[in-house]
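# Structural overview
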There are 2 protein chains.
Amino acid sequence: MSEGEVKMKSAARHDRVRQQHSDELAEDYVEAIADLLTKSGQARVIDLQGIFGVSHVSVIRALKRIEERKLIHKTVEGSWRLTETGEAMAKASSERHELVLNFLQALGVSDLQAQVDAEGMEHHLSSETLSSMRRYLDQNQ
Amino acid sequence: MSEGEVKMKSAARHDRVRQQHSDELAEDYVEAIADLLTKSGQARVIDLQGIFGVSHVSVIRALKRIEERKLIHKTVEGSWRLTETGEAMAKASSERHELVLNFLQALGVSDLQAQVDAEGMEHHLSSETLSSMRRYLDQNQ
DNA sequence: CTGTCGATGTAGCATGGGCTACATCTAGAT
DNA sequence: ATCTAGATGTAGCCCATGCTACATCGACAG
């Protein structure tokens, strides 16, 4: 492998890392909205403000951007719902979150820290790594 | 645990996630600079441009911000060096990277994918989770 | 009916990180 | 001596994400 190829590969990897970052917020929001809808039947700006710990302005603008991506839409009553695409993303995110959380716990990480780390990691794992985690859990249960 | 406490904890978690993000770039740069210095004895803008796959302008501005944080400094010849703080960060980052990479490989992830995922994950792992990974490696070597 | 309060929305600003286009500077070739 | 190419730096733009301050709107108390 030439030096040039090493550099290209490296650049491509970092591109991917950056791309992942730009999706994290949307995933966090659809997950939170799905959660709120399950638990309380509504997902308002102020609920999300509480969850993410940012100003309501930041929530509103994030919601607008996510709405443009056809992941969510607003009801006439002012609550937010998921589109089918959004539902799919929320379901995938939540399954992935559960898997990572269970994996970390199985590895011996405390529940609280596993929760924190799962949230940090979950947007950065390939399907291959997720499969390996699943396999580990299967073999150790 | 009251609903209010749940919300506060959740907000605090997300704050932490955001804080981690703002440090990732600095860590990536000090790691890359340390790497370049070891391999070629110099770390110039153009070398970093090749590694990260961004324009030289983005590299220059990132370097300036990182310089303000006293992690790096520029030599008269135009190469970049690490300060002691920067060295420490690079060393810690690189050890953590190795650990995560080895862990993923031990888990059965392919070398290439393990490299990619290690880069994505490494900034989001607590010392507790890193310890668990180390323990797993010790028990399975 | 009106005042107040909670929720939402808008205006405008900062910072980080990306870019292109242009300017400079140095070293090597002619 | 000058021309060119590579490396670096500057000017100025874009977008995402954060914020405060102000405006609106609806519901409920008085």
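Residues numbered from 1 in each chain as written. Chains lettered and ligands numbered in written order. Predicted model: local features only at pLDDT ≥ 70, side-chain atom pairs only at ≥ 80, totals over all residues. Heavy atoms only, no water.

The subject of this paragraph is a positive patch on the surface. Residues and elements named next belong to chain A. Together, R61, K64, R65 and K74 make up a region of like positive charge exposed at the surface. For the positive patch, the leading source of residues is helix α3 (residues 56-68), giving three residues. Counting through the fold element by element, R61 comes out in helix α3. (Patch = residues over 30% accessible without salt bridge, like charges linked within 9 Å, V, L, I, M, F, W, Y side chains within 5 Å. Areas by Shrake-Rupley, 256 points an atom, 1.4 Å probe, with all protein chains shown as cover. Salt bridge = Lys/Arg side-chain N within 4 Å of Asp/Glu carboxyl O. Lys, Arg positive; Asp, Glu negative; His and termini not counted. Charge placed at Lys NZ, Arg CZ, Asp CG, Glu CD. Helix = DSSP H or I, 4+ residues; strand = E, 2+ residues; numbered from the N terminus.)

Next up on the list: the packing of aromatic side chains. Applying the stated rule across the entire model yields six aromatic pairs over all chains. For the ring pair F103 of chain A and Y136 of chain A, a centre distance of 5.3 Å and an interplane angle of 70° mean the geometry is edge-to-face. Pair noted here: F103 of chain A is in helix α4 (residues 84-106) and Y136 of chain A is in helix α6 (residues 127-139), with a separation of 33 residues, a long-range link. By relative accessible area, F103 of chain A is classed as buried at 1%. For Y136 of chain A, a relative accessible area of 11% translates into the label buried. One aromatic cluster in this structure is built from F103 and Y136 of chain A together with F103 and Y136 of chain B. (Phe/Tyr/Trp six-rings, centres within 6.5 Å; stacked < 30°, edge-to-face > 60°. Buried < 20%, exposed > 50% of the residue type's maximum accessible area, 1.4 Å probe, protein only.)

What follows covers the protein's contact with DNA strand C. In the vicinity of DNA strand C lie 17 residues, with K64 and K74 of chain A together with S55, R61 and R65 of chain B positioned nearest. Backbone atoms, meaning sugar and phosphate, form 46% of the atoms of DNA strand C found within 4 Å of the protein. In the model, a phosphate oxygen of DNA strand C is placed 2.8 Å from a nitrogen or oxygen of the I46 of chain A main chain. Within the side chain of H56 of chain A, a nitrogen or oxygen atom sits 3.0 Å from a base nitrogen of DNA strand C. When residues of the surface near DNA strand C are traced back to their parent elements, those giving at least two are α2 (45-52) and α3 of chain A together with α3 (56-68) of chain B. With five residues, α3 of chain A is the largest single contributor of residues to the surface near DNA strand C. By residue class, the composition of the surface near DNA strand C is seven nonpolar, three polar and seven charged. (Near = heavy atom within 4 Å. Polar contact = N/O pair within 3.5 Å; in protein donor to acceptor, adjacent residues only side chain to side chain. Nonpolar A, V, L, I, M, F, W, Y, C, P; charged D, E, K, R; others polar.)

With that settled, the discussion passes to the pattern of salt bridges. Residues and elements named next belong to chain A. Within the structure shown, the criterion is met by 10 salt bridges over all chains. Two residues, E27 and R96, come together in a salt bridge whose shortest N-O distance is 2.5 Å. One end of the pair, E27, is in helix α1 (residues 3-40); the other, R96, is in helix α4, and 69 residues separate them in sequence. When sorted by exposure, E27 lands in the same class as R96, which is buried.

We now examine the nonpolar core. Counting residues in each nonpolar core, the largest one holds 30 residues, and the members touching the most others are F103 and M133 of chain A together with F103 and M133 of chain B. When residues of this core are traced back to their parent elements, those giving at least two are α4, α5 (111-121) and α6 of chain A together with α4 (84-107), α5 (111-121) and α6 (127-139) of chain B. Ranked by residues supplied to this core, first place goes to α4 of chain B with six residues. The contact partners of F103 of chain A, leaving out residues within four places of it in the chain, are M133, Y136 and L137 of chain A together with F103 and L107 of chain B. Counting 21 residues, the second largest nonpolar core, distinct from the first, contains A26, A32, L36 and I51 of chain B. (Core = buried A, V, L, I, M, F, W, Y, C linked by side-chain atoms within 4.5 Å. Contact = heavy atoms within 4.5 Å.)

Not every one of the 17 residues close to DNA strand D is listed here, only the nearest: S55, R61 and R65 of chain A together with I46 and K74 of chain B. For DNA strand D, the backbone makes up 48% of the atoms found within 4 Å of the protein, where backbone means sugar plus phosphate. Interatomic distance of 2.7 Å between a side-chain N/O atom of R61 of chain A and a base nitrogen of DNA strand D. One of the side-chain N or O atoms of K64 of chain B is found 2.9 Å from a phosphate oxygen in DNA strand D. For the surface near DNA strand D, the leading source of residues is α3 of chain B, giving five residues. The residue makeup of the surface near DNA strand D, split by class, is seven nonpolar, three polar and seven charged.

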